[in-house]
Structure formats: structure tokens, C-alpha cells
Number of protein chains: 2
Amino acid sequence: MVGLPARGKSFISYKIVRYLSWLSIKTKLFSVSSYRREEYQVQPTADFFDPNNEESKIIREQANEDAIKAVIQWMNDENGCVAILDGSNVTRQKREMVAQVLKDHYVEPLFLESFCDDETIVKSNILDINSTSPDYVGKSQSYAQDDILTKIKYYETHYEPMDLEADKNLSFIKLININSQIIINKIESYLESRIAFYIMNLHIKPRYIWLSRHGESQYNLEGKIGGDADLSERGMQYARKLKDMVSKYVPNHEKFEVWTSTLRRTQQTAQFLPNPKKQWKALDELDAGSCDGLTYQEIAEQFPDDFAARDENKFEYRYRGGESYRDVVQRLEPIIMELENQENVLVITHQAVLRCIYAYFMNSPQEKSPWMSIPLHTLIRLEPRADGTIVTRIKANIPAVSTYKEKGTSKLGESGNDAHTMAGEVITSDLQGH
Amino acid sequence: MVGLPARGKSFISYKIVRYLSWLSIKTKLFSVSSYRREEYQVQPTADFFDPNNEESKIIREQANEDAIKAVIQWMNDENGCVAILDGSNVTRQKREMVAQVLKDHYVEPLFLESFCDDETIVKSNILDINSTSPDYVGKSQSYAQDDILTKIKYYETHYEPMDLEADKNLSFIKLININSQIIINKIESYLESRIAFYIMNLHIKPRYIWLSRHGESQYNLEGKIGGDADLSERGMQYARKLKDMVSKYVPNHEKFEVWTSTLRRTQQTAQFLPNPKKQWKALDELDAGSCDGLTYQEIAEQFPDDFAARDENKFEYRYRGGESYRDVVQRLEPIIMELENQENVLVITHQAVLRCIYAYFMNSPQEKSPWMSIPLHTLIRLEPRADGTIVTRIKANIPAVSTYKEKGTSKLGESGNDAHTMAGEVITSDLQGH
């Protein structure tokens, strides 16, 4: 990474790590400031970053070297695929040194500069740093702001932004004011162009992503998986209620798009919403292949080895003639890219698909995501922010069966977390950080 | 489009039209020079493009106006989605005029400049123009080259390349020397970013893409579709022969990657090749849903309406619980993107999937692609070039059943186009232009 403080470098780094990890590309963040914190365990003031402060310079250089060493070790010894070195790298000399050291160790460098002269963005980033950086724990907001501004001034004295002429030998992506302008130099591999494409679709406009499973289906009632069943009576109730919940909770609800799969149960769930709709084959439920239409009990009896293998590694297990969670993630990739680009949108889809979408926004590890509980008859609101995503779950208060199968059994949960009998919707909200 | 003559504008335009059309995004090319040819039906000499030639200026402006009018009409009356106006648009004043006219008619302009100061690329483009442009039919190569060079000089006198400062209010993508550097300004929609991503992956290094279906399978012998059967005896012979054919015909064959689907018959076909292999779920055969494992005869009997509906519109028809050709195209999109980025590669996959890949490279219309004949036991070589793709088919001369079902029947072809008995491989080659 390249750029002054408060240019969103860490935010962009986190997004890339989350996106590539979700795609099973082994990616890791190496933050120079966290190595500096190991070296120098007190909260530094801005003076620490004064280029003329010889004492702190040694510490800063040491932290930088440690981070680079860690990158090289991880790439070569642990088969890492993409390492992100989150530092400032503001001078040409520094960047050339970093590039050379990496190349000497068979690591291909790609620089990603966040250049930003839009004061509104910088101010908003300063507020984020103040609330999230360990350097400002226990400090007042005004202290933190002044300190960051002084730190920025120190860096500005020797900042050399990347440019097509002077840096033409380096592979780089330069973002100007998030992505209102982008300059790309010498990008050749597919992976590098994917990263550029991803960043191109990011935006920081506040928005919500709304998610819901289809209403309870006939197959849900019978405990069968897959198929293309109609909604049950209660599922239909949820479809009607969903219209009211959307009017009540979604700002500007008449404008946003509703996305469904090509299966009847999601389209029936969306049927009362007056919004423009898009059907995606990519949102169809995980294909259970030979097990389509069976109950978990039947699968355990007819395919005992498969049943056990799936519990053992649910993310990787591919149903005979069907799909694994990993396969679903691959086909959801264009959906995620378009979701990043979109403003408000409501996605009505299926349990496994929602788990994968949810895992992306929540940064959940692959081995856990297939076990997440996403009950029926619940509207979920995701609010992506710099420091994580705020999830709000709004239960429609319409009973439904549980479709949650616990590991090691073929029984569906009876916790009744859907079958509560309270009077109105129940809303719970929490922030899940990086 | 923006740029001097011989900067590959038409080549890039064609590629984008082909890519988006393949994705079912209604796209059309409007070439200013073809409107100019309507206005002025003789072959012009370079002087025609002299900015001081008042007489020809009127014709050139008229052609430009006609092309823009056609764009607007097509976008608004025929629901076009992406129109490409292939002209030079070298001055800022001209671009602002074009942008304004389009905006006045509710068409959002995105400028795509091909800037090129690499003499090698320009020279190679001049040779392409000479061999493909109607303006030089019947002229000698040296005449054409001199004429194009004079034409370029005229345009250079008033060329104002796009830049981030002066053109900051326009949405644009500027390619510098194909895509060694890219500058992107104010791109907001997902479609625009997709176009940028696509261009980022283009390259003009000479290379071949090799395609093959799996060897004949047990299911092929029984006339069944879908499934995950093993190769037949003859299929296994083809797998062994494929290794020899690759050594014989593929330059640097030890280096290239082999891609297969996740199904056994493609992996068995690749088994004797020593190359690095990649398995893609996205290369799996079109999912026949409820019809998986049936013969066409059985489908015609058990699902007569579906059988007829599929023949009626094979591209759109989605098998119950399965896929349509359109669905396959959607999931193949990442494969195409990675194929564009790759150099030599061999893809071993299935009939419907190969038809879709083939349709992309051959620019075949959607209604025709599901009916293309791609026989078993044939290695296909595609050579993408500026003016089209050269296809070479190398038949392995190992008999196999035909899997080609003619429209309106449930019988498989008996033309024996695979079951010939000649001694060696049979090679046929032809160029299919844009």
C-alpha cells in the first residue's frame, strides 16, 4: 500500500483480504503499524513520525523490515498467495527498495496507492481512525484529530505520489479519491486485474443490503432438501408480511431492486413487492445432486459415507452430481461484485447461498460459514462500514420449521428460534468487525 | 472511441461487441467510416482527411452526424444497451459535442481512447488495416501504408489526447499501448467497470487456444445425456492419442495448462497429459435436471412438451431443475475472462460448454450456437487474430458415436463424420471473421 495517513489504506486492504479469502485465495494482511507497536509499546505522538526524529526513525524502519520479512516468510514457507503490506511507502526510494527485496525473494510486487485530496473523505477517514486505532485508545477526539493532522503534515513533506512516467517500471494501481479516477500501470496477471476490477466496484456511499430466505416451503415442512416446491401456507403469510416489513423498515423502499433465484419459492416470496425484480440462476440453492428431494434422515441411511464426509468438511464436500459450498462461492462471485457496486438492494434466496453471501460481508471463516444459523421468516439488514458490518435481524414473527441441521445428527433443530409467539417483529442488532 | 488511425480502435470495438453480445447484452457497432462510405462512395486518398479540405470536411461531418443519429435511434427505439461509436473523436471540442448530443437523448457517454506511441504496435496495426479495410481494396501494400501514414499526420495536427485534468468531467477509459497503462475516470456503473475489466485482460501476444471434448463415454454409447460416466474403450484410446497429438501439434506443449471440468470423463481424457491441470466446476456439462441420464428418445416420450420447447428455442430453454445455454454462458464468463488473459491453454470439456466457448470466439449468434457440430475425438485449435479467429480441426481418426441431435428428431446423427477410417489425423482449417 502507498499513501498518506487517513487515505483509507487499511480499509481497502481489509476489503481485499476479505474478498480474496472468501474466494479461497490465501491472503493475509501485514500491517507495519502493528509491527511498530511490538517494537515500541507506548502510544506514539505525531512527533514520532517526524522524518527528522532520528530515534523513532530506527524503530519505524525496524517495523517496516520486520513486516517485509514476515511477508516473505509467509509467501515462501506457508504458500501464501497474496500478502498485503499495509504501510505508507510514500517515497520513490522506499518503494524501489521494497520492490527489490520482494523480487529477490520471488515475490511479485504490485503497488496500490490511495491518493486523496478530497477533504471530505479525509475528514471522515480521520474520524474512523480515531475510533478504531489502538494508537488513540483513551484519547479525546480533538487530541486524536490534531495528532493525525500533524502526522499527515510530516508525511506530506516527503510524499512522492506515484505517476505513469516516474514509476513506469513498477506494477501499480493508483486510486484517486476512492475510485473516481484510477490509474493502472503494467498489470498483466488475471489475479491483479481481478483486484483492480474489485476496487473499481467499491464505493463508500452509505447503504443497506437486505437479505431474506424464501418463506417456508412445502419441502421445508416435509424436511426435504432441494427441489422446486411452492410456499407453505405460513410461507405465503411471510411473503405478504415481507411487503409490510419492507415499507416499514426500508428507506426509499420503492426504488430498490429485488433479486431472487430462478426457483419458485423465492419468486413467490417476492410476489407482493412492487419493486423491479431480477432473477439470477447464480442465486439458486446449493445443488444437492443425488440427494435432491431427500430428507437428512434418508441421506444418512442411503448415503452414510457421504453423510459423514459432509459433516466432516461441509465447505469442501460436493454432493454426488451436485455442489459444495466452495462451488456456490465461485458462482456467487459476480453477485458479490454487483452487490459491492449497488446501493440498496434486497436479495431473496436460499439457506446455503445466504450463508455464503453472509460469510463474505461478515468475514466468517470457511469452515464455519456452512454452520451459520439463518432462520426462515427473518429479514436481515447489513450495513457495511469502515470497521465492519452492522447486522440487524428483524423476525417476522410468523412460525416456521427450523431447517438447521446440527453437526453429527440428521435431526433438524427444535430450538424454536423461529417459532416464537411474540406480538410484533423482534429486532436485534450488532457490529461484527474485521 | 477516441484515437488516431491505426490504434486498434476497431479491433477493441469488435472485441467488446462480441463479449457483450455473447453475454446477451444488446450491443452494436456504429462505424463512422462505413457511414462515410455511404456518403462518398469512392475510395478516398489521405487528402480527404486533411483538416483544411473544406469539401471533404462536410462529408466527414455528415457521416459522423449520421452515425450518432443511428446510435440514438437504436438506443431509444430498439432498446439497445451498449452502442459503440467507432470514430476518431480526436478533439476536445468534438468529444464535448458528442457527449452533449448523447446526453440530450438520454444516452450516457463513456469515452474509450486508444493511445499508442509504441511504433511496433502501430506498424502492425497498419498492416492489418491494409489487409482488411474496404478503403484499400485493390491497392498495393506500399500505397496503403503511405496513405495511412499521411492520414495519421493529418489527424495528429489537431489530436488532443484525453487527460485526467482537462477531461475530468467525462467518463472515460484511456488505454496506453493496448493495456500496458490504463487511466480510468468517473466510472460508476457495474457495466462500465465490466468493460474496463474485460479490456484489462486483452492481449495481442500470438497464442493458440486448444479445445477438445472428452473421449467417447459409456453414456455416449448408450445415447444417454448428462451423468458422470467413465470413458468407453474408444474414449480411452482417444485419451492416449491426445497425448501424441499434443506433442505433435502444440508448440511448447510441456508448458501449457490443461483445464478440465469436475466430471470423470474429462479428467480421464486428460490423464495421460503431463501438463499442470486445473479442474473447473464452471466447465461441467449443461445440467439436464430431470432429464439427466435419459436418452433423447426417453425425453421425447416422458416430457414431450419440454422436448418440443427445447427444439423451438434451444438457447433459452431451461431443463426442469437444470440449465439453459444462457445459464451456461453466464457461468462461463470467468472462464472467458481468464482465457483472454492466458497464453496457450487446452480446455477439455463437454459438448454444450464447448459450443458456448466456441460461440464466443467465433462470434456465432445465440440461436445458432446450440446447434453447432463439435464432434467427439477432434482437437480444435483457435488462433485469435485482429480480423477474426482461425479454426483448425484435427480429427484423431478414432471412431466414436455421433452425439449430434438434429432439430425436430430424437435421433442422433449418423453422418459418420467421426467414424471415418482414414490412416492419419485429418486437418481442416479456415478463418471466420467478425
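Residues numbered from 1 in each chain as written. Chains lettered and ligands numbered in written order. Predicted model: local features only at pLDDT ≥ 70, side-chain atom pairs only at ≥ 80, totals over all residues. Heavy atoms only, no water.

Enquirer: How would you summarise the relation of the copies chain A and chain B if you had to cite specific residues and measurements?
Expert: For the match of chain A to chain B, the screw axis carries a shift of 0.0 Å, the RMSD comes to 0.0 Å, and the turn is 180°. Taken together, the turn and the small shift mark the pair as related by a two-fold rotation axis. When C-alpha positions in chain A are compared against the rotation axis, the closest is assigned to Ile183 of chain A, at 2.2 Å. Of the residues that chain A buries at the interface, 97% are likewise interface residues in chain B, meaning the two copies contact each other through the same surface. (Least-squares fit on C-alpha atoms with pLDDT ≥ 70 in both. Contact = heavy atoms within 4.5 Å.)

Enquirer: An account of the interface of chain A and chain B is requested, with residue identities and associated values reported.
Expert: Between chain A and chain B, the residue contacts involve 31 residues of the former and 30 residues of the latter. Roughly 2500 Å² of surface becomes buried between chain A and chain B when both sides are summed, with 54% attributable to carbon and sulfur atoms. It is Tyr190, Phe197 and Lys281 of chain A in chain A that bury the most area against chain B; as a group they hold 24% of the surface buried on that side. Across the contact surface, chain A and chain B share 15 residue pairs in polar contact (both at pLDDT 80 or more). If you list the elements that add at least two residues to the side of chain A that touches chain B, you get strand 5 (181–185), helix 7 (190–201) and helix 13 (325–341) of chain A. In terms of residues, the side of chain A that touches chain B owes the most to one element, helix 7 of chain A, which gives seven residues. (Buried area = accessible area lost by both parts, 1.4 Å probe. Polar contact = N/O pair within 3.5 Å; in protein donor to acceptor, adjacent residues only side chain to side chain. Helix = DSSP H or I, 4+ residues; strand = E, 2+ residues; numbered from the N terminus.)

Enquirer: Explain the UniProt feature "active site" (unreviewed entry) in chain A residue by residue, including any values.
Expert: Residue and element names in this part refer to chain A. Feature annotation in UniProt assigns "active site" (unreviewed entry) to the following positions: His214 and Glu285. Considering the C-alpha atoms alone, the annotated residues occupy 72 residues of sequence yet fold into one spot, their largest mutual distance being 10.7 Å. Leaving out residues up to four positions away in the same chain, His214 has contacts with Asn220, Arg265, Thr266, Thr269, Ile348, Thr349, His350 and Leu376. Within the local environment of His214, its side chain forms a polar contact with the side chain of Arg265, the two groups lying 3.4 Å apart. Considering the arrangement of structural elements, one finds Glu285 in the loop between strand 8 (277–279) and helix 11 (296–302). A relative accessible area of 19% places Glu285 in the buried class. Other than its neighbours up to four places away in sequence, Glu285 contacts Leu263, Arg265, Glu323, Arg331, His350, Gln351, Ala352 and Val353. (UniProt positions renumbered as here; feature names shortened; annotations may be inferred. Buried < 20%, exposed > 50% of the residue type's maximum accessible area, 1.4 Å probe, protein only.)

Enquirer: Hey, could you go over the environment of Ala6 of chain B for me, with residue numbers and the actual values?
Expert: Residue and element names in this part refer to chain B. Inspection of the secondary structure puts Ala6 in the segment before helix 1 (9–22). Classification of Ala6 by relative accessible area gives buried; the value is 6%. Distance in space between the C-alpha atoms of Ala6 and Lys94 is 20 Å, their sequence separation being 88 residues. Among all residues touching Ala6, those that are not within four sequence positions of it are Val122, Asn125, Ile126, Ile129 and Ile152.

Enquirer: Which residues make up the pairing of strand 4 (residues 172–176) of chain B, and what values go with them?
Expert: Residues and elements named next belong to chain B. By the criterion of burial, strand 4 is predominantly enclosed, with five of the five residues buried. Of the two faces of strand 4, the one lined by Phe172, Lys174 and Ile176 and the one lined by Ile173 and Leu175 are each fully buried. Relative to strand 4, strand 3 (residues 111–115) runs parallel, the two being bridged by five bridges. Residue Leu112 lies in a different strand from strand 4, and its bridge partner there is Ile173. Across five bridges, strand 4 lies against strand 5 (residues 181–185) in antiparallel orientation. Bridging across to strand 5, Lys174 finds its partner in Ile183. (Pairing = 2+ DSSP bridges.)

Enquirer: With reference to specific residues and values, describe the UniProt feature "domain: 6-phosphofructo-2-kinase" (unreviewed entry) in chain A.
Expert: Under the present numbering, the feature "domain: 6-phosphofructo-2-kinase" (unreviewed entry) in UniProt falls on residues 1–206 of chain A. Split by type, residues 1–206 of chain A is 50% helix and 12% strand. Its first and last C-alpha atoms lie 25 Å apart.

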